[in-house]
Every structure is written in structure tokens, then in C-alpha cells.
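Architecture at a glance
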Amino acid sequence: MSYTAIGMAAGAALAWAALVYGFWGFLLMAVFLLIGGLLGRVAEGKLDLRSVRDALTGRRSSS
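Structure report, in brief. None of these values were measured; they are calculated from a predicted model.

1. Side note on the overall build of the protein chain
Within the protein chain one finds three helices and zero strands. Its helices and strands in sequence order give the protein chain the pattern α-α-α, from N to C terminus. What you see for the protein chain is a C-alpha radius of gyration of 14 Å, clearly larger than the 11 Å of a compact globule of 63 residues, by over 25%. For the protein chain, the spread of C-alpha atoms along the principal axes amounts to about 45 × 25 × 15 Å. Per-residue burial for the protein chain yields a buried fraction of 17% across its 63 residues. Intrachain contacts of the protein chain at a sequence separation of at least 6 include 43% that bridge at least 24 residues. Carbon and sulfur atoms make up 69% of the accessible area of the protein chain, which amounts to about 5000 Å² in all.

Put into C-alpha cells, the structure is as follows:
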């Protein structure tokens, strides 16, 4: 099992309790899944946060 899948599963497990609160719980679960997936990608080394930061601040472009 990849770190991305583990991270997403962890995000889903943490968000499960939020589901009892309805629609906002669902949105919170989506946020947790996104964060868990991103953290898993970072742990796998497939996402470099420095490159993301540089692209967002305009220091580096994708072209």
C-alpha cells in the first residue's frame, strides 16, 4: 500500500466523526482527504513543497 493511500485512509478515518454533522461534515471530510493525500505524496517524495511554494510565489514557472 502506498503512502498516498495510507494518507487518504488516515484522512478519511479522522473525518469519519465529522460526518455525523451533515453537509459540513462531508466538506470537512473532503478537506481531510485532500490533506491526507497531499501529505502521503510528500512522504513518498512525489511532491516537492519547495517547488510548489516557488511556483505559487512566482519565483519559478512550469514552462
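2. Regarding helix H2 (residues 23-44)
The first and last C-alpha atoms of H2 sit 32 Å apart over 22 residues, in line with the 32 Å expected at 1.5 Å per residue. Of the positions making up H2, those classed as buried are Gly25, Met29, Gly36, Gly37 and Gly40. Projected down its long axis, H2 shows its buried positions confined to an angular sector of 115°, all on one face. Turned more than 90 degrees away from the buried face of H2, the exposed residues are Phe23, Trp24, Leu34 and Leu39. Just beyond H2, the residue with positive phi is glycine 45, at close to 85°.

Thresholds, definitions, all that
- Residues numbered from 1 in each chain as written.
- Predicted model: local features only at pLDDT ≥ 70, side-chain atom pairs only at ≥ 80, totals over all residues.
- Heavy atoms only, no water.
- Helix = DSSP H or I, 4+ residues; strand = E, 2+ residues; numbered from the N terminus.
- Rg over C-alpha atoms; globule rule 2.2 N^0.38 Å.
- Buried < 20%, exposed > 50% of the residue type's maximum accessible area, 1.4 Å probe, protein only.
- Contact = heavy atoms within 4.5 Å.
- Areas by Shrake-Rupley, 256 points an atom, 1.4 Å probe, with all protein chains shown as cover.
- Expected span 1.5 Å × (residues − 1).
- Arc of directions from axis to C-beta.

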